[in-house]
Amino acid sequence: MSTVFVTGGAGYIGTHTCLELLQAGHKVFVYDNLSNSSRLGLERVERLAKGSIEFIEGDVRDGSTLEHALRHSQCESVIHFAGLKAVGESVKNPLIYYDNNVVGTYTLLNAMQATGVKKLVFSSSATVYGEPQSLPIEEAHPLSATNPYGRTKLIAEDMLRDHFHAYPDWNITILRYFNPVGAHESGLIGEDPKGTPSNLMPFIAQVAVGMREKLNIWGNDYPTPDGTGVRDYIHVVDLATGHLRAIEKIMPPQCIELNLGTGRGYSVLEVLRAFEEASGKTIAHEFFPRRSGDVAACFAGTKHAESILQWRAERNLKTMCADHWRWQHLNPAGYASNNDFAIKNAT
Ligand code: NAD
Ligand code: UD1
């Protein structure tokens, strides 16, 4: 068992990954500035795992605090989740994205270099494929970006590839996530979006719980079976086990890119119907013109992750919706909801 240093570990994907790491017997250090999360998520992870996490509040752009924390942790590997992820916000305020996502990754690499930690798992996104030229999207698909957020991921990926080229004894796994959704089956940890969610499933969940009136469906004239956009939704717990595999699998020094998806796409209407079934609620909706920057369909080629990590996503759309719903109705206002109620009713 090893010691894993997790930047951004208090966030949505981070909490689920910390839980898997603890349950597998690893020691976990979380380094997070709590800009998009709270301590409560990690406290609930500790409760679920019956274990403890060492938490250090800090910013990945603060090199000296980061280096000190890395040294103190005596970790063998780092999972780097810390960053900003809202596409619309990145268009309005690109410099904040370059600072957090590019400078943050650069500062982390320097701190790892200074402390001799050479194993890194990096959070990338299917957004680096730009407009899909072929489906399913394999890792060799050409890379491009259509917005500042996507460009920060692409620049960070390039930086990692260049770094590995110069230091070939490193072990870097770049994981490109498709569309993470769902929550831990307990209902105690999940996504806690600030403001109006721009992603589909958190928005649907807020309509189901009565926080929003209806879902606006962005386009029903795509060349897809029902005209609405098709995406590869992946359960966040499957995503978390993918990270666990990337940490545990003994791999030779390398820099490798892997898709984490299910390989199957679902349309907006299919997701809506599945969520209605899981929640027993009717989701009011209305069709609107296409959202700028959206593609018709996007789903992952999964064979590389399957063969290299010996991992595949196991949870289907029904489970994604059921688990997302459990989290949403136990925590209607996310972690700001009544803690006692959620804990009493968790499964
Ligand atoms: P999240 O916002 O829930 O978690 C990110 C965490 O990083 C938060 O706890 C936040 O407080 C922390 N953080 C942000 N900037 C920081 C900084 N400068 N220093 C220290 N901590 C900082 O997001 P998430 O959904 O868990 O995403 C995790 C990673 O995965 C991100 O890098 C994101 O870009 C990437 N990703 C997410 C998705 C998605 O749909 N959720 C898809 C593809 C890729
Ligand atoms: C979005 C981001 C992408 C990011 C990904 C995961 C954009 C343009 N793209 O992708 O960069 O990597 O999230 O975080 O923002 N939909 C609706 N109504 C809604 C919300 C979504 O109809 O209120 C539709 C979209 O048009 C799309 C599908 O639902 O067809 C999924 O949307 P979303 O969850 O935002 O994910 P992506 O578009 O894949």
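The structure this text deals with has already been given above.
Residues numbered from 1 in each chain as written. Chains lettered and ligands numbered in written order. Predicted model: local features only at pLDDT ≥ 70, side-chain atom pairs only at ≥ 80, totals over all residues. Heavy atoms only, no water.

**Let's talk about the environment of G301**
Here G301 shows up in the loop between β14 (297–298) and α10 (303–309). Overall, the relative accessible area of 3% leaves G301 in the buried class. (Helix = DSSP H or I, 4+ residues; strand = E, 2+ residues; numbered from the N terminus. Buried < 20%, exposed > 50% of the residue type's maximum accessible area, 1.4 Å probe, protein only.)

**Let's talk about the site of ligand 2**
In the vicinity of ligand 2, 17 residues are found, and the nearest of them are L200, N216, R231, R291 and D294. N216 is positioned with one of its backbone polar atoms (N or O) 2.7 Å from a nitrogen atom of ligand 2. In this structure, an oxygen atom belonging to ligand 2 sits 2.7 Å away from a side-chain N or O atom of R231. Look at ligand 2: alone it shows 730 Å² of surface, and the protein chains cover 87% of it. With four residues, strand β8 (residues 215–218) is the single largest residue contributor to the shell around ligand 2. Residue composition of the shell around ligand 2, grouped by class: seven nonpolar, seven polar and three charged. (Near = heavy atom within 4 Å. Polar contact = N/O pair within 3.5 Å; in protein donor to acceptor, adjacent residues only side chain to side chain. Areas by Shrake-Rupley, 256 points an atom, 1.4 Å probe, with all protein chains shown as cover. Nonpolar A, V, L, I, M, F, W, Y, C, P; charged D, E, K, R; others polar.)

**Regarding the site of ligand 1**
Neighbouring residues of ligand 1: 28 residues in total, closest D32, N36, S37, K85 and N100. The separation between an oxygen atom of ligand 1 and a polar side-chain atom of D32 is 2.6 Å. A distance of 2.9 Å separates an oxygen atom of ligand 1 from a polar side-chain atom of K153. Surface burial for ligand 1 is 95%, taken as the share of its 830 Å² of free accessible area covered by protein chains. Those elements giving two or more residues to the shell around ligand 1 turn out to be α1 (12–23), β5 (119–125) and α6 (148–166). Among the elements that line the shell around ligand 1, the one with the most residues is β5, at three residues. By residue class, the composition of the shell around ligand 1 is eleven nonpolar, twelve polar and five charged.

**As for the environment of L70**
Mapping L70 onto the fold places it in helix α3 (residues 63–73). With a relative accessible area of 1%, L70 lands in the buried category. Separated by 63 residues in sequence, L70 and T7 have C-alpha atoms that sit 10 Å apart. Setting aside its immediate chain neighbours within four residues, L70 contacts F5, C75, V78, A111, M112 and T115. (Contact = heavy atoms within 4.5 Å.)

**Some words on helix α9 (residues 268–279)**
An α-helical turn contains 3.6 residues, so any two residues separated by three or four positions project in the same direction. In this model α9 runs 16 Å from its N-terminal to its C-terminal C-alpha over twelve residues, within 8% of the 16 Å that 1.5 Å per residue would give. For α9, every residue scored as buried is listed here: V268, L269, V271, L272, A274, F275, E276 and S279. Buried residues along α9 sit in contact with α7 (200–208), β8, β10 (233–235), β12 (266–267), β13 (285–288) and α11 (317–330). Two residues or fewer after α9 comes G280, characterised by a positive phi angle close to 70°. (Expected span 1.5 Å × (residues − 1).)

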